[in-house]
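Chain residues, written in single-letter form:
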Amino acid sequence: MAAMATTLSSLTSSPKPSFLDHRSSLHGIPIASRLSPIKSASKSSTISMSLTPPYDFQSFKFQPIKESYVAREMTRRYMIDMITYADTDVIIVGAGSAGLSCAYEISKNPNIRVAIIEQSVSPGGGAWLGGQLFSAMVVRKPAHRFLDELGIQYDEQEDYVVIKHAALFTSTIMSKLLARPNVKLFNAVAAEDLIVKGDRVAGVVTNWALVSMNHDTQSCMDPNVMEAKVVVSSCGHDGPFGATGVKRLKSIGMIDSVPGMKALDMNAAEDAIVRLTREIVPGMIVTGMEVAEIDGAPRMGPTFGAMMISGQKAAHLALKALGQPNAIDGTFTEAETVQPEFVLAAAETEEIVDA
């Protein structure tokens, strides 16, 4: 394992608002969410909603707009995002369950700017469904604490929980994550290469995903670049866009081999994925199923807890590299400047800690 990178202290100076509703469940007893999750199908919840729409369908009419306004609003905001995140704190490549969990955890610190690169139009990776295109998502304990933090309902069994549809996890974490002003998702964008300076990964080379898929059909379609203090590679297991981060490291000689994942063993796989999540070379952290590709760990199949916890661990490794309070070295319990959402519940009691 590569040595941890030198602590980076140069962060963005503009203050960001705090997110008091998003506290970490990485260690200890989970902190109560503003929404109390239903842990059994036998219970029910009351949802407040209006039975009558606030408008008349018979006379409904939109406010007028010029077509150019729509074009300008989309273009201006996207260009501002590209300028803002051309040099950022953290880039996460891959918005599957591990990448989204990583981004969610990192961005609790409002001073850290996070850019997420996702080649698909629809982020979420394989976390929209369970195994074999079935709906339910199985999460082994104690990873269910992360679901409690997100306020996601589940059916609780002795050693695991079941979300009735995997899309509930993916849609919930995205809705919370993307609402934060220090996060930008660039979907339909591919990371074609890495920026490497000396022996350190310093960013990614980007292009529209459709362009990346058609380089053989056109003459010259040069890419763009995004610099970052830390890159988190969450590209999943091998495939058309899978494990691209570690495969590129091998091709340029920064790591020796990418043996690929072994055959399925759920019990061994999930523990290994979390344990082996780490900074693989200076400036680049690997999380999720891409970890199995580089270490030859077993595949886990349709169980998702390791993706969530691996993502959280990668987030705290990134925070450590950035010199921020984190759960890796325990500085979040000592630093006076820690954000309220890093205050954790005590592991020994059922007491809820109020930030």
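Values in this document were obtained by computation on a predicted structure and should not be read as measured data.

(A) Spatial organisation of the overall build of the protein. Scanning the protein from N- to C-terminus turns up nine helices and 11 strands. Considering only residue pairs separated by 6 or more positions, the protein has 72% of its internal contacts joining residues 24 or more positions apart. Of the accessible surface of the protein, which amounts to about 18,000 Å², a share of 55% is contributed by carbon and sulfur atoms.

(B) Local environment of the pattern of salt bridges. Within the structure shown, the criterion is met by 11 salt bridges. Close ionic contact of Glu156 with Lys141 constitutes a salt bridge, the shortest N to O distance being 2.8 Å. Placement of Glu156 in strand 4 (residues 155–156) and of Lys141 in the loop between strand 3 (137–140) and helix 3 (144–150) is noted, with a sequence separation of 15 residues between them. Assessed through its relative accessible area of 28%, Lys141 is described here as partly exposed. Among the ionic contacts, a cluster of salt bridges with common partners joins Glu73, Arg76 and Arg77.

(C) Quick look at the pairing of strand 2 (residues 114–118). For strand 2, a buried count of five out of five residues is recorded, marking the element as mostly surrounded by other parts of the structure. Neither face of strand 2 is left uncovered, since the one carrying Val114, Ile116 and Glu118 and the one carrying Ala115 and Ile117 both have all their residues buried. Tracing the backbone out of strand 1 (residues 87–93), into helix 2 (residues 97–106) and back to the parallel element strand 2 gives a crossover that is right-handed. Across five bridges, strand 2 lies against strand 6 (residues 183–187) in parallel orientation. Its bridge partner lying in strand 6, Ala115 is registered against Lys184.

The rules behind each value
- Here the residue numbers are simple positions, counted from 1 along each chain's written sequence.
- With the structure being a predicted model, the display of local features is reserved for residues of pLDDT at least 70 and the display and counting of side-chain atom pairs for 80 or more, all residues being used for whole-chain, interface and lining totals.
- Neither water nor hydrogens contribute to the side-chain values; these are computed over all heavy atoms in the structure.
- Segments assigned H or I by DSSP are reported as helices when at least four residues long, segments assigned E as strands when at least two residues long, and all are numbered from the N terminus.
- Every residue pair with non-hydrogen atoms within 4.5 Å of one another is taken to be in contact.
- Each accessible area is a Shrake-Rupley estimate made with a 1.4 Å probe; only the visible protein chains count as cover when residues are assessed.
- Take a side-chain nitrogen of Lys or Arg and a carboxyl oxygen of Asp or Glu: if they are within 4 Å of each other, that pair is a salt bridge.
- Burial classes: relative accessible area under 20% of the type maximum marks a residue as buried, over 50% as exposed, and values in between as partly exposed (1.4 Å probe, protein chains only).
- Call a crossover right-handed when, viewed with both strands pointing away from you, the route from the first strand across the helix to the second goes clockwise.
- For two strands to count as paired, DSSP must find a minimum of two bridges between them.

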